[in-house]
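For reference, the chains in residue letters:
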Amino acid sequence: MYKRGDEKSVIGYTSGVYDLFHIGHLNLIKNAKGLCDKLIVGVTSDELVSYKNKKAVIPHLERMEIVRNIRQVDSVVPQNDMDKFKMWQRLKFDIMFVGDDWFETDKWQELDEKFKEVGVKIIYFPYTKGTSSTLINETLKRLRE
């Protein structure tokens, strides 16, 4: 985005596991970068992934390195906590980008209200139908049987 020099840069934030990186991940990151000057991406730690009784295939540090090397990503941070507001307190982003599978869930409506109070906008992007790390994992499991 072109700035004259006196405008504030818009900082965007999104987060995810980014395991078995796929086109849905890339779409979200590319679309997010198009709406901000600086994009920070949180990559969920292995410990945090395990709270859902899941296990990432790709180790956390490798997932961070993959995301760090995407042209649209300006900065990568570990996500060690599900509390998005705590992350905002640390990073002070202006916009948060999320998949629309979270839209209008109780948790996100509450978070949306909290973010409105501090001037942060949440933008929901369409979830990429037909692909997810879970689906890829299930397909690989069936192929191996």
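Everything in this summary refers to the structure shown in the same document. (Residues numbered from 1 in each chain as written. Predicted model: local features only at pLDDT ≥ 70, side-chain atom pairs only at ≥ 80, totals over all residues. Heavy atoms only, no water.)

1. A few points about the nonpolar core
Spelled out, the test is: By convention a nonpolar core is built from buried Ala, Val, Leu, Ile, Met, Phe, Trp, Tyr and Cys residues, the set being connected through side-chain atoms within 4.5 Å. Categorising residues by exposure relies on relative accessible area from a 1.4 Å probe, with only protein chains included: less than 20% of the type maximum marks a residue as buried, more than 50% marks it as exposed, and the intermediate range marks it as partly exposed. Think of it this way: any DSSP run of H or I at least four residues long counts as a helix, any run of E at least two long counts as a strand, and we number them from the N terminus. Pairs of residues are marked as contacts when any of their non-hydrogen atoms sit within 4.5 Å.
Ranked by internal contacts, the top residues of the largest apolar core, which has 17 residues, are Val67 and Phe97. Mapped onto this core, the elements with two or more residues apiece are helix H1 (23-33), strand S2 (38-44), helix H3 (60-68), strand S4 (95-99) and strand S5 (121-125). Excluding residues that lie within four positions of it along the chain, Phe97 makes contacts with Gly12, Tyr13, Thr14, Ala32, Leu35, Cys36, Leu39, Ile123 and Phe125. Counting 16 residues, the second-largest nonpolar core is a separate cluster that includes Trp88, Phe93, Val98 and Leu111.

2. Considerations on H3
This is how it is decided: The reported arc concerns the directions from the helix axis to the C-beta atoms and nothing else.
When we look at burial in H3, the residues that qualify are His60, Arg63, Met64 and Val67. The buried side chains of H3 occupy one side of the element, clustering within an arc of 100 degrees when seen end-on.

3. A look at the sheet that holds S2
As a general point, the strands of a sheet are linked pairwise by backbone hydrogen bonds and lie either parallel or antiparallel. This is how it is decided: The pairing criterion for strands is at least two bridges between them, as found by DSSP. For helices, the fitted axis covers only the stretch in contact; all axes are lines through C-alpha atoms, and the angles between them, taken along N-to-C directions, range from 0 to 180 degrees.
On the basis of which strands lie adjacent, the open sheet formed by 5 strands has the order S3-S2-S1-S4-S5 and parallel pairing. Each edge of the open sheet carries a strand with a single partner, namely strand S3 (75-79) and S5. Mean inter-strand twist for the sheet, computed between neighbouring axes without regard to direction, equals 25 degrees. Against the sheet, H1 touches strand S1 (11-16), S2, S4 and S5, its axis set at about 150 degrees to S2. The strands that helix H4 (residues 84-91) touches are S1, S2, S3 and S4; relative to S3, the one it contacts most, it runs at about 140 degrees.

4. Some words on the pattern of salt bridges
So the rule is basically this: What makes a salt bridge here is a side-chain nitrogen of Lys or Arg within 4 Å of a carboxyl oxygen of Asp or Glu, nothing more.
Considering all chains together, one arrives at 6 salt bridges under this definition. Ionic pairing is found between Lys116 and Glu113, a salt bridge with its closest N-O pair at 3.6 Å. You can see Lys116 and its partner Glu113 sitting in helix H5 (residues 106-117), 3 residues apart, about one turn around the helix.

5. Let's talk about the packing of H4 against H5
Where we set the bar: Roughly parallel means an angle under 35 degrees; roughly antiparallel means over 145; roughly perpendicular covers 65 to 115; every other angle is labelled oblique. Crossing handedness is read from the near helix: turned anticlockwise from the far helix by less than a right angle, it gives a left-handed crossing, and turned clockwise, a right-handed one. In this count, Pro and Cys sit with the nonpolar residues alongside Ala, Val, Leu, Ile, Met, Phe, Trp and Tyr, while Asp, Glu, Lys and Arg are called charged and the others, Gly among them, polar.
Their axes nearest at 10 Å, the elements H4 and H5 cross at an angle of 25 degrees. By the angle class used here, H4 and H5 are roughly parallel. As for the relative orientation of H4 and H5, their crossing is right-handed in sense. Two secondary-structure elements touch here, H4 through Lys84, Phe85 and Trp88 and H5 through Trp108, Leu111, Lys114 and Phe115. Among the residues making up the contact of H4 with H5, the classes are represented as 5 nonpolar, no polar and 2 charged.

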